[in-house]
Amino acid sequence: MSKLYLIRYGEIALKGENRSLFEDILLSNIKKSLDNKDKNLIIYKTPGRIFLETSTDQSIVIERLLKIAGIVSFSPVQKLSLNYNEMKKETLKIVRNNLKERENTSFRISARRSNKKYKYDSMELQYKLGEYVIENVDQNKIEVDLHQPELNINVEIRKHNSYIYSKVYQGIGGLPVGVTGNVGLMLSGGIDSPVAGYMGIKRGAKIIPVYFHSFPFTGDKTKQKVIELANILAKYQNNIDLYVVNFTDILQEINEKCPNKLMTIIMRRLMLKITELIVEKKNGKAIITGESIGQVASQTLDAIKVTNTVPKLPILRPLLGLNKVQIINMAKKIGTYDISIQPYEDCCTVFVPDSPETHPNMEQVEKGEATLDVDDLIKKAVNTVELINIEAY
Amino acid sequence: MNNVYLDNAATTIVIPEVITEMNKIMDTYYANPSSLHRLGLKAENRLKKARKTICGILKVNPKELIFTGSGTVANNIAIQGAVNHLKKFGNRIITSSTEHKSVLKIFEYLKTQGFEVIYVPVNNKGIVDLDKIKEVINKNTILVSIMAVNNETGSVNPINKIAKIINEYDHIYFHVDGVQALGKIPINLQVNKIDLFTISAHKIHGPKGIAALYIKNSVIIDKILQGSNQEQGYYPGTENMPGIIGFSEAVNHLPTSKQINKIYELKNYLAEKIKKEISDVIINTPLNKRSSPHILNVSFADINGEILIHSLESANIYISTGSACSSKKNKISHVIKALKLPTDYQQGSVRFSFSQHNTKKEIEYTFKHLKDKVKNLRKIIGGKK
């Protein structure tokens, strides 16, 4: 049997002329996230609301809606006719179900009437339904609380139907994926970069992750770990194209020819350039990194300064204001943390200089990489890139 | 070159004879050995035959062997069952610092339960210190658990001598984790005072998911699992028939003494080549009969073991750092730490482990690549200096 969900969105309602376009993208994202389960789902918008009808198991619907950017909150809804008797019975049923889980509850009825032709106005409806509940439930078990009720029963009267719901799930908010465009993501196996990717997704970006693989300095289990991280991000944007760059030759070349203390800086400069070339082909408009100012040697302001100018695309650093603990908490929340902490060797940890330069300047860096045939290295890397399509579910 | 598999201490290739026998069992002996009907009886008899085969190799009575789901489970049944039964006699339990995690973790747990845990150290060849055992063993001791062959270094512990020491006490059980020993070194459970002995099928070209515990006739341990009466109630649950039959078939194909000599030769050949042609190495495995034929542990200065593994992997050569279980943790294993190697060598320990199915040609091929990769990696890491 199909169930109804009422989905609320916030920010996109404010976006003027683009509003309709944004709503359509959100509608399509919701549909895509569920249509492998239910080809016949129905989704439509009414002013300010989206309604979804699907036969998919409720727990799956909830899990997936919780991952869709642009949804502020949603509720599983009972759809009824405009018959008052039906409404009062359903209201009482919700209260009684609630009392199965706890001794007593405070409650309120919140009515909204967009159908002004309905016989009761909002105030009257709230009063009547509330009174009906009180008359039919043990007085010791319920209490009206208009300000902070434990149970808030919402009743909405629309043109053809009434809708009753009590449970509200908070979504991740933000903007629907796709409205802001494609953005590259430098994805490593660490804790930070997947969180940075999530932040981009939440702002409506479609992420194109690029991972730098350096076999044998990193094993295939590290690559597998990155694929699993990308799969988690895919659940937030439906699917992901992961680009895997074979970085081994470049790494060895840098290690051989460049000053050791600049290793990480020069490596990052090349990674940014390669990412830009891959992302530009996909009409990407920026590159997201997991950098947070001052966190490690390659993230001092001086280090950021000499890497920042490599690509023409803007580099976005959504984590720059966060502390490590905050980043870890977010990683746990989105489900990437447990994968990120699997301890396989990471090329960065192998090639990390004993005493890295924390205050590099441009002159020093340009001199340091002068002996590299940068264009040739980059060309080779871009030509041998591997594309992995990752489905969300 | 096809895959050169030198990770036989982690697990072994299942030989075709075992696969054939297991297929047959799943096809024809599908009934539950506990069932009363004819098919159940047929399965029960086949199970008895398999148990007898394995007991024949160990020279023990079929009543003294129970099957379990893994070596880890067998160690738990033995150690926890023993201390539960003997705790009225004392509180001290002794093991070595280089045991397999499946033993060390039990001892860590028992410490939280109020037992006094003593870890006996090993020498720089990974062999337990016999004098130290004499020193710490006393009337309050109820259990000693020492592995026969170390899974990372291949070092063979003086089990007979330890047994003699323990024999002088009334209320001590001696448990031996023999998982790496079965089929590799001589084991005599009849003569020695070994009360509990763990073996596992997947280290001898049998299937995973089946192991066994020898419980000496005169030894009583508590049951740590509850259920029906299978495996005398120590490991209740419907018997893993294909696993048990696969185990017994693998036992039928244990290496002959000629094959054991061949494995020793392969190991010594590789060790000698490494010593002669690669600089700055330490052979951690004792190179005589004080080590099991199948394990060679080597530390290369200025090399990261994990990277060396992946480098050899690109030539289809498969080895390990330490044990397969501990190599997931990005740190030096407790066994390598116990060897007290110089700092430069600690990261660079790898384990080659052989079987009778490896050939001289494979080892020559392996050495050629090993020499090459070590040289390259040192050049790369040397860039840092």
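Residues numbered from 1 in each chain as written. Chains lettered and ligands numbered in written order. Predicted model: local features only at pLDDT ≥ 70, side-chain atom pairs only at ≥ 80, totals over all residues. Heavy atoms only, no water.

**Looking at the overall build of chain A**
Item 1. Looking only at helices and strands, chain A has 14 helices and 15 strands in total.
Item 2. Projecting the C-alpha coordinates of chain A onto the three principal axes gives extents of approximately 85 × 40 × 35 Å.
Item 3. The burial tally for chain A puts 54% of its 393 residues in the buried class.
Item 4. In chain A, the share of contacts with a sequence separation of at least 24, taken over all contacts with a separation of at least 6, comes to 79%.
Item 5. For chain A, the exposed area adds up to about 18,400 Å²; of that, 49% sits on carbon and sulfur atoms.
Item 6. The distance from the centre of the 54 positive side-chain charges to the centre of the 46 negative ones in chain A is 7 Å. (Helix = DSSP H or I, 4+ residues; strand = E, 2+ residues; numbered from the N terminus. Buried < 20%, exposed > 50% of the residue type's maximum accessible area, 1.4 Å probe, protein only. Contact = heavy atoms within 4.5 Å. Areas by Shrake-Rupley, 256 points an atom, 1.4 Å probe, with all protein chains shown as cover. Lys, Arg positive; Asp, Glu negative; His and termini not counted. Charge placed at Lys NZ, Arg CZ, Asp CG, Glu CD.)

**What to know about the overall build of chain B**
Item 1. Within chain B, the regular secondary structure consists of 12 helices and 12 strands.
Item 2. Its C-alpha atoms give chain B a radius of gyration of 21 Å, near enough to 21 Å, the size a compact globule of 385 residues would have.
Item 3. Dimensions of chain B along its principal axes, counting C-alpha atoms only, are 70 × 50 × 35 Å.
Item 4. Per-residue burial for chain B yields a buried fraction of 59% across its 385 residues.
Item 5. In chain B, the proportion of contacts linking residues at least 24 apart, taken out of those at least 6 apart, comes to 73%.
Item 6. Total accessible area on chain B is roughly 16,600 Å²; 51% of this is exposed by carbon and sulfur atoms.
Item 7. Considering chain B, the positive charge centre built from 52 side chains and the negative charge centre built from 32 side chains are found 1 Å apart. (Rg over C-alpha atoms; globule rule 2.2 N^0.38 Å.)

**Points about the pattern of salt bridges**
Side-chain pairs of opposite charge can arise whenever the charged atoms involved come near each other.
Item 1. Applying the stated criterion across every chain yields a total of 28 salt bridges over all chains.
Item 2. In this structure, B:K48 and B:E44 form a salt bridge, with 3.7 Å as the shortest nitrogen-oxygen distance. Taken together, the positions of B:K48 and B:E44, both in helix α2 (residues 38–58) and 4 residues apart, correspond to about one turn of that helix.
Item 3. Judged by relative accessible area, which is 48%, B:K48 ranks as partly exposed.
Item 4. Ionic pairing is found between B:E277 and B:K371, a salt bridge with its closest N-O pair at 3.0 Å. Of this pair, B:E277 sits in helix α8 (residues 257–277) while B:K371 sits in helix α12 (residues 360–382), placing them 94 residues apart in sequence.
Item 5. Overall, the relative accessible area of 33% leaves B:E277 in the partly exposed class.
Item 6. The class for B:K371 is partly exposed, based on a relative accessible area of 35%.
Item 7. Among the ionic contacts, a cluster of salt bridges with common partners joins A:R19, A:E23, A:D24 and A:K45. (Salt bridge = Lys/Arg side-chain N within 4 Å of Asp/Glu carboxyl O.)

**Here's the deal with the packing of α2(B) against helix α7 (residues 241–252) of chain B**
When two helices pack together, their arrangement is given by the angle between their axes and by how far apart the axes lie.
All names here are of chain B.
Item 1. Two elements in contact, α2 and α7, have axes separated by 9 Å at closest approach and are oriented at 35°. You can see that α2 and α7 cross each other, and the crossing is left-handed. Across the interface between the two elements, A43, R46, L47, A50, T53, I54 and I57 of α2 pack against M241, I244, I245, F247, S248, V251 and N252 of α7.
Item 2. In terms of residue class, the contact of α2 with α7 is built from 10 nonpolar, 3 polar and 1 charged. (Axes fitted to C-alpha atoms, helices over the stretch in contact; angles between N-to-C directions. Left-handed = near helix turned anticlockwise from the far one by under 90°. Nonpolar A, V, L, I, M, F, W, Y, C, P; charged D, E, K, R; others polar.)

**Description of unusual backbone geometry**
Item 1. The step from A:F215 to A:P216 runs through a cis peptide bond, and the omega angle for that step is 5°.
Item 2. Tracing the backbone shows A:P216 in the loop between β11 (205–213) and α6 (220–237).
Item 3. Positioned with a positive phi, B:K59 is a non-glycine residue whose angle comes to about 55°.
Item 4. Positionally, B:K59 belongs in the loop between α2 and β2 (65–68).
Item 5. Using a relative accessible area of 54% as the deciding quantity, one classes B:K59 as exposed.
Item 6. Phi at B:E231 takes a positive value of approximately 50°, unusual for a residue other than glycine.
Item 7. Assignment of secondary structure puts B:E231 in the loop between β8 (211–215) and α7.
Item 8. Of the residues examined, B:E231 reaches a relative accessible area of 7% and is grouped as buried.

**A few points about the domain arrangement of chain A**
Item 1. By the assigned domains, chain A splits into domain 1 (1–81 + 170–176), domain 2 (82–160) and domain 3 (181–391).
Item 2. Look at where the C-alpha atoms of domain 2 of chain A and domain 3 of chain A centre, and you get two points 53 Å apart. (Domains from an automatic or database assignment.)

**Concerning the sheet that holds strand β14 (residues 315–316) of chain A**
Residue and element names in this part refer to chain A.
Item 1. What the 6 strands build is an open sheet, ordered β14-β13-β10-β11-β12-β15; its pairing is mixed. Of all the strands in the sheet, just β14 and β15 (386–391) have a single pairing partner and so form its edges.
Item 2. Pairing between strand β10 (residues 181–186) and β11: 6 bridges, direction parallel. Across the sheet, the residue bridging to V183 is I207, located in β11.
Item 3. Sheet contacts for α6: β10, β11, β12 (239–246) and β15; angle to β12, the most-contacted strand, approximately 155°. (Pairing = 2+ DSSP bridges.)

**Comments concerning helix α2 (residues 58–65) of chain A**
Item 1. Taken as a whole, α2(A) has its buried residues at A:V61, A:I62, A:R64 and A:L65.
Item 2. Contact partners of the buried residues in α2(A): β1 (3–8), α1 (19–34), β3 (49–54), β4 (73–80) and β9 (169–170) of chain A.

**So, the nonpolar core**
Item 1. A:I274, B:I274, B:F300 and B:F352 are the most contacted members of the largest nonpolar core, which totals 66 residues.
Item 2. B:F300 has contacts with B:I274, B:I278, B:D280, B:V281, B:L308, B:D344, B:Y345, B:G348, B:V350, B:L370, B:V374 and B:R378, leaving out every residue within four places of it along the chain.
Item 3. Counting 56 residues, the second largest nonpolar core, distinct from the first, contains B:V18, B:I54, B:I118 and B:I172. (Core = buried A, V, L, I, M, F, W, Y, C linked by side-chain atoms within 4.5 Å.)

**Some details on the pairing of strand β8 (residues 162–165) of chain A**
Residues and elements named next belong to chain A.
Item 1. Side chains S162 and I164 project from β8 onto one buried face, and the interleaved Y163 and Y165 project onto a second face that is buried too.
Item 2. Sheet analysis places β4 next to β8, joined by 3 bridges and oriented antiparallel. From the neighbouring strand, L80 faces β8, where its bridge partner is S162.
Item 3. Across 4 bridges, the pairing between strand β7 (residues 151–157) and β8 is antiparallel. Its bridge partner lying in β8, E156 is registered against Y163.
Item 4. Between β7 and β8, which follow one another and run antiparallel, lie 4 residues.

**Concerning the environment of B:S97**
All names here are of chain B.
Item 1. Of note, S97 is situated in the loop between β3 (92–96) and α4 (101–112).
Item 2. Judged by relative accessible area, S97 falls into the partly exposed class, the value being 23%.
Item 3. When the C-alpha positions of S97 and I159 are compared, they lie 16 Å apart, and in sequence the two are 62 residues distant.
Item 4. Not counting residues within four places of it along the chain, the set of residues in contact with S97 comprises L104, Y119, V120, P121, V122, H334 and A338.

**A short note on a nonpolar patch on the surface**
All names here are of chain A.
Item 1. The grouping of I134, V144 and L146 at the surface amounts to a nonpolar patch, some 240 Å² of accessible area in total.
Item 2. Counting through the fold element by element, V144 comes out in strand β6 (residues 142–144).
Item 3. The exposure class assigned to V144 is partly exposed, which follows from its relative accessible area of 44%. (Patch = residues over 30% accessible without salt bridge, like charges linked within 9 Å, V, L, I, M, F, W, Y side chains within 5 Å.)

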